[in-house]
Amino acid sequence: MKNKVLASLLATLLLVIGAVPALAQDSTTISVVTNWGPDDPKGPVLQSIFDDFMAANPDITIDVDVISNDDIPTKLETSYLGGAESDIVMFNLLGPSLSWVEDGLAMPVTEYVEAWGLSDSFLPVALDQWTLDGEIAAFPLEGFNWPVWYNTTIFEEAGVDIPTTTDELLVAAEAIRAAGYQPFAIGGSDWTGVRLFQMVLASGLTQDEVASLFGEGGFSENDHAKAAVETFVELRDAGVFADSVEGLEFNTMNELFFSGEAAMMHGGAWSYGEIPEEVMDSVVLGGFPMLPDSPSAAPAWWSGFGAKGIWITRNGLEKLDAIEQLITFIYQPDMVGRFVEQAGMVPPIAGVEVDADLLNPLFVQSLSLAESDAATFVPLTELYIPGQVLPSLDSISTDIYIPGTTAEDFLAEMDSIYADYQD
Amino acid sequence: MGVMPRTQTTETTRPIKHLNKRVLTNWLSFFVFSGPALIVFAIFMLYPLANMFHVSTLDWEGLIKPSVNIGLANYEKLFTHDRHFSTALLNTAIQIAIALPGTIFPAFILGFFLSLRWPGYRILRTVYFSPVMLAAPGVSMLFLGLYLPDGIINFLLRQFGLESLTHVWLADVNTSLLAVTAVEIWAGIGFYTVLFFGVLSNIPREIYEAALMEGANLWEILWKIVFPMTLDFFGVVLMLHYMWLLLGAAQNVLLLTQGGPGDSSLTLGFYLYKQAFQIRDLGYSQAIGVFIFFVGLAGMLVIRLATHRKY
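These figures come from a predicted structure and were not determined experimentally. (Residues numbered from 1 in each chain as written. Chains lettered and ligands numbered in written order. Predicted model: local features only at pLDDT ≥ 70, side-chain atom pairs only at ≥ 80, totals over all residues. Heavy atoms only, no water.)

**Topic: the overall build of chain B**
Test applied: Secondary structure elements are taken from DSSP: a helix is a run of H or I of four residues or more, a strand is a run of E of two residues or more, and numbering for both begins at the N terminus. Based on C-alpha atoms, the radius of gyration is set beside the globule rule, defined as 2.2 Å times the residue count to the power 0.38. Working rule for contacts: check all heavy atoms of both residues, and any pair within 4.5 Å makes them a contact. In short, Shrake-Rupley with a 1.4 Å probe defines the accessible areas, and a residue's cover is counted only from the protein chains shown. In this tally, Asp and Glu contribute negative charge and Lys and Arg positive charge; neither His nor the terminal groups of the chain are included. Here the site of a charge means NZ on Lys, CZ on Arg, CG on Asp, or CD on Glu.
The secondary structure content of chain B amounts to 13 helices and two strands. In summary, chain B has a C-alpha radius of gyration of 27 Å against a globular reference of 19 Å for 311 residues, an excess of more than 25%. At a minimum sequence separation of 6, the contacts of chain B that also span at least 24 residues come to 70%. On chain B, roughly 17,400 Å² of surface is accessible, and the fraction owed to carbon and sulfur atoms is 72%. Mean positive and mean negative side-chain charge positions of chain B (19 and 16 charges, respectively) differ by 16 Å.

So this is what it looks like as structure tokens:
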């Protein structure tokens, strides 16, 4: 009796062991690396889309690895060397990723955009931004806009209008300080300050100058660049930026503006959902006031589609059928619409219909601004900065907020970084 | 007649054969028991070390990019026209000059008083050790709260009417390095205190009693008796912390300042990391690594010579 029981158990065990590989062969796992975790408004949206996809496709499992955005390039490189890179990587179009297709870390998706019926879905401007050397590097996903936020209540109390030129900004800042508020909140020690500076600098340059200077350096010899940086230094020294700006960062910048202490802030679409309602009602979005002799016709702001894309790796090509199903699922208008409604994301595709009542008012305002003449888009500098220059350039760019930094020294420092890279 | 007696031949050859067999047995035992460890050491220590020297002679801009041998060009750039390197070297020297004695001497003193096992010493031991139980990101968040423009330090200074002393501690070129160094000191004192407590607890109490009877006070006992007795161990601790400051301290620079503002808090360890993982110039980063290796060796030798007891 005992032997019969043991034999039955053994047979069952053998059957189960034999079945597991068979089961595994019937299901496909797509591995995804992203920084959109639970703490990012887009993280839960992405997970809900993945959950719905897996429910509709029980033979496909999505394995998500959430890591810091800064760590994604290193993780991709090291895992690539071991042949173990994720099938899909969600990352921006800047710095290291500008050479991923060239280096073989990612596969161009030009033929898949066409073959999977997505070429008419994507906005032409989105595909253009993601086209490098004639190939679409990845599927554009996250569009963004990045305006200046103006607290009209503070401006009214200070008795000044929203400035459209830097001369008006200087006057407004003085009046705002006299009224007991901080003028312009910006993270002078982190990426927020870096990007504001680069946007202001870009607003003083032509498109060709942006591409040339940010791609190869030479700022010290360019009159427009010198004038732009000198104006920025003048604004800093005149107290346009909040007190101790060189020590502020993203969170403290938001805190100053969201608490109603600061009159202006340079905030991206990712922050629209963060602002308290009582302050939101006072906010008007616009561009950064025009520099003297700026080629821009209106205050400058940024918009683009490079904030996040879906990159396919060499390993991903081996599961192309499953990935095709996933990609075409994600880019359905109602799926992209979730990102728009719940995370304030600018969609990269046309035909997204959303319930306007669910949209963040600032997000709606930004879409109106994009269609108006009140502000103009300036070139995105990150598309031109070489990957090896980016860390050093970002690092020294915060120096512009430190009192005592002269325009001449700062421009020389920027050029020396490009010179080091070319060595 | 010229032939040695049988017994003398036996007595002469037996010790030699016995000696050879014993030597052989000893060496065999050595390799059998130490071999696995030596193999692991060779693979995980010697090979990477040798590889570091090799990579430092390459122009290699990323793990997946091809590399080109450029001889000593990386070293030429390092020593002749990299101003970031010279700044990092100076900052590292300053940090070590402050943090090494600033951590080890207080730890030694605290460890001594703990070893006296006064009432409450167990609680104090746990309190002193608590920073070790915090992960580096947690420590950084803690100090961010202290160092922010509206952080605790500036708040207290304002409360006591010392507003003129407030700083943007992490973003001020005059204070950023000191701010990062303070984190190192705070995080290191507790660990070494407990180490010293363990060693000093083994000193016979009779020595203290005899010294006290002779009229010595605790401070004199500490520096004139305990310190000389434990000088060897003190030197080992100095070496350990020296190497940590040279390399491991880069984590707090990474988390708090990224070497900024400008290069004001750039250290050699962080510069190595920056070149390897941010700028992705692997060959150049290993040239910095080789330099740090020799600086580390030299420093440890100096410490060893200064703290080795000569009987």
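Additional details are given in the paragraphs that follow.
**So, the packing of aromatic side chains**
Condition: Paired rings are identified among Phe, Tyr and Trp, the last through its six-membered ring, by centres lying within 6.5 Å, and are further divided according to the angle between planes into stacked (under 30 degrees), edge-to-face (over 60) and tilted (the rest). Working definition: with a 1.4 Å probe on protein chains only, accessible area under 20% of the residue-type maximum means buried, over 50% means exposed, and in between means partly exposed. Criterion for a charge above a ring: Lys NZ or Arg CZ within 6 Å of the ring centre, and within 35 degrees of the ring normal.
Under the defined criterion, the tally for this structure stands at 60 aromatic pairs over all chains. On the numbers, 6.0 Å between centres and 35 degrees between planes, the contact of Tyr121(B) with Phe197(B) is tilted. Of the two residues, Tyr121(B) is situated in helix H4 (residues 121-129) and Phe197(B) in helix H7 (residues 176-200); the sequence distance between them amounts to 76 residues. Aromatic side chains Trp219(B) and Trp223(B) sit 5.9 Å apart centroid to centroid with 70 degrees between the ring planes, which places their arrangement in the edge-to-face category. Highlighted residues: Trp219(B) and Trp223(B), both in helix H9 (residues 218-229), separated by four residues, approximately one helical turn. A residue is classified by how much of its surface remains accessible, and Trp219(B), at 48% relative accessible area, is partly exposed. By relative accessible area, which is 24% here, Trp223(B) ends up partly exposed. The rings of Phe105(B), Phe108(B), Phe196(B), Trp219(B), Trp223(B), Phe227(B), Phe233(B) and Phe234(B) are connected pair by pair, giving a single aromatic cluster. The ring centre of Tyr80(A) lies 4.0 Å from the NZ or CZ of Arg314(A), which sits over that ring. Here Lys77(B) stacks its cationic end above the ring of Tyr284(B), 4.5 Å away from the centre of that ring.

**With respect to the pattern of salt bridges**
All names here are of chain A. The condition that has to hold: In what follows, salt bridge is the name for a side-chain nitrogen of Lys or Arg lying within 4 Å of a carboxyl oxygen of Asp or Glu.
Under the criterion given, the structure shown has 17 salt bridges over all chains. Among the ionic pairs, Lys42 bridges to Glu142, the shortest N-O distance being 3.4 Å. Taken together, the residues Lys42 in helix H2 (residues 42-56) and Glu142 in strand E6 (residues 139-146) connect sequence positions 100 residues apart. Of the residues examined, Lys42 reaches a relative accessible area of 4% and is grouped as buried. The buried category is assigned to Glu142, whose relative accessible area is 7%.

**Describing the environment of Gly262(B)**
Considering the arrangement of structural elements, one finds Gly262(B) in the loop between helix H11 (250-256) and helix H12 (268-278). Judged by relative accessible area, Gly262(B) falls into the buried class, the value being 14%. Along the chain, Gly262(B) and Asp172(B) lie 90 residues apart, while their C-alpha atoms are 9.7 Å from each other. Discounting residues that sit within four places of it in the chain, Gly262(B) has contacts with Ser395(A) and Asp399(A).

**Examining the interface of chain B and chain A**
Keep this limit in mind: By convention, the term buried area covers the 1.4 Å-probe accessible surface removed from two parts as they join, with the contributions of both added. Definition of a polar contact: a pair of N or O atoms within 3.5 Å, with one able to donate and the other able to accept a hydrogen when the atoms are protein atoms, and with sequence-neighbouring residues admitted only if both atoms are side-chain atoms.
The partner chain A presents 26 residues to the 23 residues of chain B that form the contact. Both sides together, the interface formed by chain B and chain A hides about 2,000 Å², and carbon and sulfur atoms give 54% of it. Looking at the side of chain B facing chain A, the largest losses of area belong to Leu63(B), Ile64(B) and Arg280(B), adding up to 29% of the total buried there. Where chain B meets chain A, there are three salt bridges. Among the salt bridges present, the one from Glu77(A) reaches Arg280(B), with a minimum N-O distance of 2.8 Å. At the junction of chain B and chain A, the tally comes to six residue pairs in polar contact (both at pLDDT 80 or more). With three residues, H12(B) is the largest single contributor of residues to the side of chain B that touches chain A.

**Looking at the pairing of strand E9 (residues 262-266) of chain A**
All names here are of chain A. Here is the rule: Any two strands with at least two DSSP bridges between them are considered paired.
Most of E9 is tucked away: five of the five residues are buried. Relative to E9, strand E7 (residues 148-151) is paired through three bridges, and the arrangement is antiparallel. Each residue of the ladder has a partner; that of Val148, found in E9, is His266.

**Side note on the environment of Leu134(B)**
All names here are of chain B. Within the secondary structure layout, Leu134 lies in the loop between H4 and helix H5 (136-147). In the structure, Leu134 is positioned 71 residues away from Leu63 in sequence and 33 Å away in space, judged by C-alpha atoms. Each residue touching Leu134, except ones within four places of it in the same chain, is listed here: Val139 and Trp186.

**What to know about the sheet that holds strand E8 (residues 182-185) of chain A**
Residue and element names in this part refer to chain A. Note the following rule: Axis definition: a line fit to C-alpha positions, over the contact stretch in the case of helices; interaxial angles, taken between N-to-C directions, run 0 to 180 degrees.
What the four strands build is an open sheet, ordered E8-E9-E7-E10; its pairing is mixed. Each having just a single partner strand, E8 and strand E10 (283-286) make up the two edges of the open sheet. The mean angle between the axes of side-by-side strands here comes to 20 degrees, regardless of whether they run parallel or antiparallel. Sitting on the sheet, helix H8 (residues 166-178) is in contact with E8 and E9, with an inclination near 125 degrees to E8. The sheet contacts of helix H12 (residues 250-258) involve E7, E8, E9 and E10, and relative to E9 the element is tilted by about 140 degrees.

**Here's the deal with unusual backbone geometry**
Of note, the amide linkage connecting Gly260(B) to Pro261(B) takes the cis form, showing an omega dihedral of -5 degrees. The residue Pro261(B) is located in the loop between H11 and H12 in this model. Phi is positive for Asp133(A), close to 50 degrees, though the residue is something other than glycine. Residue classification places Asp133(A) among the exposed positions, given a relative accessible area of 79%.

**Here's the deal with the domain arrangement of chain A**
Residues and elements named next belong to chain A. Stated precisely, the cut-off is as follows: All the domain ranges listed were derived from an automatic or database domain assignment. Under the grouping applied here, Gly and all other residues not named as nonpolar or charged are polar, the nonpolar ones being Ala, Val, Leu, Ile, Met, Phe, Trp, Tyr, Cys and Pro and the charged ones Asp, Glu, Lys and Arg.
When the domains of chain A are assigned, the result is domain 1 (2-144 + 305-358) and domain 2 (146-303 + 371-422). Inter-centroid distance (C-alpha atoms) of domain 1 to domain 2 is 34 Å. Listed as interface residues are 11 residues of domain 1 and, on the opposing side, 13 residues of domain 2. With both sides pooled, the region where domain 1 packs onto domain 2 buries about 1,100 Å², and carbon together with sulfur makes up 66% of that total. Counting every contact that joins domain 1 to domain 2 gives one residue pair in polar contact (both at pLDDT 80 or more). Partitioned by chemical class, the residues of the side of domain 1 that touches domain 2 number seven nonpolar, three polar and one charged.

**Comments concerning a negative patch on the surface**
Residue and element names in this part refer to chain A. Operational definition: Grouping into patches uses exposed residues only, defined as over 30% relative accessible area, and leaves out salt-bridged ones; the cut-off is 9 Å for like charges and 5 Å for nonpolar side chains (Val, Leu, Ile, Met, Phe, Trp, Tyr).
A cluster of acidic residues, Glu102, Glu111, Asp133 and Glu135, forms a negative patch at the surface. Position of Glu102 among the secondary structure elements: in helix H4 (residues 100-103). Overall, Glu102 belongs to the exposed group, its relative accessible area being 64%.

**Concerning the nonpolar core**
Quick reminder of the rule: Within this scheme, the nonpolar core is defined by two criteria: the residues are buried Ala, Val, Leu, Ile, Met, Phe, Trp, Tyr or Cys, and they are joined through side-chain atoms within 4.5 Å.
With 138 residues, the main nonpolar core has Phe139(A), Trp149(A), Leu201(A), Phe241(A), Ile310(A), Trp311(A) and Tyr331(A) as its most contacted residues. Here this core gets eight residues from one element, more than from any other, and that element is strand E11 (residues 300-312) of chain A. Here this core gathers at least three residues from each of two domains, domain 1 (2-144 + 305-358) and domain 2 (146-303 + 371-422) of chain A. Membership of the second largest hydrophobic core comes to 58 residues, among which are Val226(B), Leu231(B), Tyr271(B) and Ile303(B).

**Remarks on H2(A)**
Residue and element names in this part refer to chain A. Note the following rule: Expected helix span is taken as 1.5 Å per residue step, with the number of steps being one fewer than the number of residues. What the arc measures is the spread of directions leading from the helix axis to the C-beta atoms.
Between its terminal C-alpha atoms H2 stretches 21 Å, which fits the 21 Å expected from 15 residues at 1.5 Å a residue. What H2 keeps buried is the set Lys42, Gly43, Val45, Leu46, Ile49, Phe50 and Phe53. Projected onto a plane normal to the axis of H2, the buried residues spread over an arc of 165 degrees and lie on a single side. Looking at the buried positions of H2, the neighbouring elements they touch are strand E1 (28-34), strand E2 (60-66), strand E3 (88-91), E6, helix H15 (320-330) and helix H16 (333-343).

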